[in-house]
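Each chain, written out:
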Amino acid sequence: MTRPTVVVLSTHTLFTQGVTSRLQLRGEELNLSVIDARSSDAMDQIIAAGPDAVIVDASDKEANLNCPINELLAAISVLKIIRLDPEQAGFQVVTSAQHIASEVDDLLEVIKSGD
């Protein structure tokens, strides 16, 4: 079984450092890398990593500004974005999959199937 590739998008907040530290303890289960969201080539680094998932601190305005979710979803066809919020008990998972649609029926099929 292949290990999922996970990128933690960070501006080195205490929260993302803590999450990264905890994930590193489980390093045998995933390929983990940390990318500094303040880097001018952060998006290029994420795309080059080809992650299965990107973890981002939902409250980190700088990370969200420098690497907008819509650009991540456009650049990587199948991706999970995990938005962690230090003020909430849970987290939000935004997933992406690309479909070919030439008619409204194609769109309706995707909506009805939940994919």
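Definitions and cut-offs
- Residues numbered from 1 in each chain as written.
- Predicted model: local features only at pLDDT ≥ 70, side-chain atom pairs only at ≥ 80, totals over all residues.
- Heavy atoms only, no water.
- Helix = DSSP H or I, 4+ residues; strand = E, 2+ residues; numbered from the N terminus.
- Contact = heavy atoms within 4.5 Å.
- Buried < 20%, exposed > 50% of the residue type's maximum accessible area, 1.4 Å probe, protein only.
- Pairing = 2+ DSSP bridges.
- Axes fitted to C-alpha atoms, helices over the stretch in contact; angles between N-to-C directions.

**Overview of the environment of Leu84**
Right, so step 1: Among the secondary structure elements, Leu84 is positioned in strand E4 (residues 79–84).
Right, so step 2: Between the alpha carbons of Leu84 and Lys61 there is a distance of 13 Å; along the sequence they are 23 residues apart.
Right, so step 3: Once residues within four sequence positions are removed from consideration, Leu84 is found in contact with Phe15, Val19, Ile55, Val56, Asp57, Ala58, Ser59 and Phe91.

**Observations concerning the pairing of strand E3 (residues 53–57)**
Right, so step 1: Most of E3 is tucked away: 5 of the 5 residues are buried.
Right, so step 2: Alignment of strand E1 (residues 5–10) against E3, held across 4 bridges, turns out to be parallel. Within the sheet, the bridge partner assigned to Val8 lies in E3 and is Ile55.
Right, so step 3: As paired elements, E3 and E4 share 5 bridges and run parallel to each other. Bridge pairing in E4 places Val56 opposite Arg83.

**A closer look at the environment of Ile81**
Right, so step 1: With respect to the helices and strands, the residue Ile81 is situated in strand E4.
Right, so step 2: Judged by its relative accessible area of 0%, Ile81 is buried.
Right, so step 3: For the pair Ile81 and Thr95, spaced 14 residues apart in sequence, the C-alpha separation works out to 6.3 Å.
Right, so step 4: The contact partners of Ile81, leaving out residues within four places of it in the chain, are Val54, Val56, Ile69, Leu72, Leu73, Gln92, Val93 and Val94.

**A word on the sheet that holds E4**
Right, so step 1: Read from one edge to the other, the open sheet built from 5 strands follows the order E2-E1-E3-E4-E5, with strand pairing classed as mixed. Of all strands in the sheet, those with a lone pairing partner are strand E2 (31–36) and strand E5 (91–96), marking the two edges. Within this sheet the neighbouring strands show an average axis-to-axis angle of 20 degrees, counted without direction.
Right, so step 2: The sheet contacts of helix H1 (residues 14–24) involve E1, E2, E3 and E4, and relative to E1 the element is tilted by about 160 degrees.

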